Amino acid sequence: MSHTLGARQAQKQKTRQALLNAALGLLEEQSLSSLGLREVTRAVGVAPTAFYRHFRSTADLGVALVEEALGSLHPMIRTTVATADDSEERITRAVELIARHVDAFPAHVRFVARERHGGVQPVREAIREQLLRFAREVKAELAKDPQSEGWSDDDLLMLSHLYVDQMLITASLFLEALDSPAEEREHVTRLATRQLRLISVGRRHWLDRE
């Protein structure tokens, strides 16, 4: 009996993942607000009623895609921004992480970039919650850095949001350069490095205003 239940659970998970993959492929050409569940189930080869065994709605499916796109990044983000020997090392690691993620998951990055300000509220909220979680995790790591001595919690969170927003901008730039010549990607790397460096320079002098 347990073997049968295990096989059913595995098949259910396989179908759920197939629905996610199909939706992600269809979303390369349209927004989530225009996606119909029949399109998704047709692409997978299951009846429309099967959709509701896995998701309450296309919005619910979109929220699952947000988790798939961003959820696994939390450990990597923490590792990347963890206190390093100097800020240049941290910047280099951040840019490399973003470039690798875009190369590996371009459809997920494109989905998040489009739906961050899209027409499906639960998905917008899910993305916002993930980004806030990133900012809080970055803040926790930056707070360990001696450079953060004297900073208020609000200012550290503001700085963390700057870093997270810049990472999103950098991901979009790498996405645009995905099929471009190597020189264009190198240009994005240099630009992203300089932009993050500018934030770091501002950080070093932030308390001077006092």
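Heads up: the structure comes first, above all this text.
Residues numbered from 1 in each chain as written. Predicted model: local features only at pLDDT ≥ 70, side-chain atom pairs only at ≥ 80, totals over all residues. Heavy atoms only, no water.

Engineer: I'm lost on the layout of surface pockets in this one. Help?
Structural biologist: The probe, sized like a water molecule, is rolled over the atoms to show the empty space still left. Considered as a void within the structure, the largest pocket measures approximately 340 Å³ in volume. For the largest pocket, the lining is made up of 19 residues, of which Leu70, Leu73, Met167, Leu168 and Ala171 are closest to its centre. At the level of elements, α4 (58-70), α5 (73-81), α6 (87-104), α7 (106-115), α8 (121-142) and α9 (153-176) are the ones that each hand at least two residues to the lining of the largest pocket. Per-element tally for the lining of the largest pocket: the top contributor is α9, with five residues. The class makeup of the residues in the lining of the largest pocket is 15 nonpolar, three polar and one charged. (1 Å grid on protein atoms, 1.4 Å probe; cavity = no way out; pocket = protein on both sides within 12 Å on 5 of 7 lines; lining within 4 Å. Points joined across faces, edges and corners; volume = space filled by probe spheres on them. Helix = DSSP H or I, 4+ residues; strand = E, 2+ residues; numbered from the N terminus. Nonpolar A, V, L, I, M, F, W, Y, C, P; charged D, E, K, R; others polar.)

Engineer: Teacher, can you tell me more about helix α10 (residues 182-204) here?
Structural biologist: Along an α-helix, residues three or four positions apart point the same way, because every turn accommodates 3.6 residues. With 23 residues, α10 ought to run about 33 Å at 1.5 Å a step, and its terminal C-alpha atoms sit 33 Å apart, in line with that. Within α10 the residues assigned to the buried category are Val188, Ala192, Thr193, Leu196, Ile199, Ser200 and Arg203. (Expected span 1.5 Å × (residues − 1). Buried < 20%, exposed > 50% of the residue type's maximum accessible area, 1.4 Å probe, protein only.)

Engineer: What's the story with the packing of aromatic side chains in this structure? I'm lost.
Structural biologist: The geometry of two aromatic rings is summed up by the distance between their centres and the angle between their planes. By the definition in use, this model includes three aromatic pairs. For the pair Phe51 and Phe55, a centre-to-centre distance of 5.6 Å together with 45° between the ring planes defines the contact as tilted. Each residue in the set Phe51, Tyr52 and Phe55 is aromatic and connected to the rest through ring pairs, giving one cluster. (Phe/Tyr/Trp six-rings, centres within 6.5 Å; stacked < 30°, edge-to-face > 60°.)

Engineer: Explanation requested: the pattern of salt bridges in the structure shown.
Structural biologist: Any two side chains of opposite charge can pair, given that their charged atoms come close. This structure, assessed with the given rule, holds 11 salt bridges. Here Arg56 and Asp60 are joined by a salt bridge, their closest N and O atoms 3.5 Å apart. Arg116 serves as the salt-bridge partner of Asp165, at 3.4 Å between the closest nitrogen and oxygen. In this pair, Asp165 is assigned in helix α9 and Arg116 in the loop between α7 and α8, connecting sequence segments 49 residues apart. (Salt bridge = Lys/Arg side-chain N within 4 Å of Asp/Glu carboxyl O.)

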